[in-house]
Amino acid sequence: MAQSFSDPQWTGSVGYTHLDSGDESLGAITGRVGAKVSRYIGVEAEGSFGVKDEDVTIAGVDGTIEHEYDAAVYAVGSVPVNPNLELFGRVGYGTTSLKADVAGVTATEDGESINYGAGANYFFDGQNGVRADWTRRDFTDDAGGEIDTYGLSFVRRF
């Protein structure tokens with residue numbers, strides 16, 4: 001199947017993403033839209049909102065850390081292994097918002113990040129399949145830091 005800039009192959013996915021910073025473990029629902037402009041090159045945009053918070057104790061006081069949202073755009077390189085399986089790598093830029101609530105005091109932290117990762121899509125029937133991926137978010141602000149994400153999604157080609 002040939003694609004071009006004027007006629008890309010579109011995909012959409014929705015699934016669960018586990019976010020792991022080493023100290024906190026959060027969860028999110030993630031949606032993506034992607035377009036392959038050639039057999040090997042594409043772009044995708046993703047957005048997530050938090051669904052699993054982390055209970056924390058700071059100086060003996062209990063609280064929670066929440067993943068509010070994130071959004072990112074990526075350039076994607078893919079290698080078709082066979083008609084049903086493709087491997088991919090991606091690099092992009094994103095923003096993440098986390099909220100902490102401890103003893104009634106709430107603080108929100110937003111961070112911009114350079115993101116990179118890899119994964120695979122497996123299609124059962126040419127249109128419907130599953131996606132598994134790992135992505136690292138390297139934050140660019142003064143505090144730095146990183147978050148690893150692991151995702152499992154339903155994916156559909158259009």
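## Considering the environment of Ser-113
Following the sequence through the fold, Ser-113 ends up in strand S7 (residues 105–123). In this structure the C-alpha to C-alpha distance between Ser-113 and Gly-31, which are 82 residues apart in sequence, comes to 18 Å. A distance of 2.6 Å separates the side chain of Ser-113 from the side chain of Asn-115, its partner in a polar contact.

## Focus: the confidence of the model for the protein chain
Summary statistics for the protein chain give a mean pLDDT of 92 and a share of 95% for residues scoring 70 or more. Mean pLDDT across the secondary structure elements of the protein chain bottoms out at strand S4 (residues 54–58), with 83, and peaks at strand S8 (residues 128–139), with 97.

## Things to note about the pairing of strand S6 (residues 85–102)
On any regular strand, side chains alternate: one points to one face of the sheet, the next to the other face. As defined by bridge partners, strand S5 (residues 61–80) adjoins S6 across 17 bridges and the pair is classed as antiparallel. If you follow Ala-71 over to S6, its bridge partner there is Thr-95. From the end of S5 to the start of S6, which pair antiparallel, there are four residues. In the sheet, S6 pairs with S7 via 18 bridges, with the strands oriented antiparallel. Paired with Phe-88 across the strands is Gly-119, a residue of S7. The hairpin formed by S6 and S7 contains two residues between the paired strands, and Ala-103 there has a positive phi angle of roughly 55°.

Cut-off values and rules
- Within each chain, residues carry numbers counting from 1 in the order of the written sequence.
- Where local features are concerned, this predicted model is filtered to residues with pLDDT of at least 70; where side-chain atom pairs are given and counted, the filter is 80 or more; whole-chain, interface and lining totals use all residues.
- With hydrogens and water stripped out, all remaining heavy atoms of the structure feed into the side-chain values.
- Numbering of helices and strands runs from the N terminus; a helix is a DSSP stretch of H or I covering at least four residues, while a strand is a stretch of E covering at least two.
- Identification of polar contacts relies on pairs of N or O atoms within 3.5 Å, with a donor-acceptor requirement for protein atoms, meaning one able to donate a hydrogen and the other able to accept it, and with residues adjacent in sequence counted only if both atoms are side-chain atoms.
- pLDDT is a residue-level measure of predictor confidence that goes from 0 to 100.
- When DSSP locates at least two bridges between a pair of strands, those strands are taken to pair.

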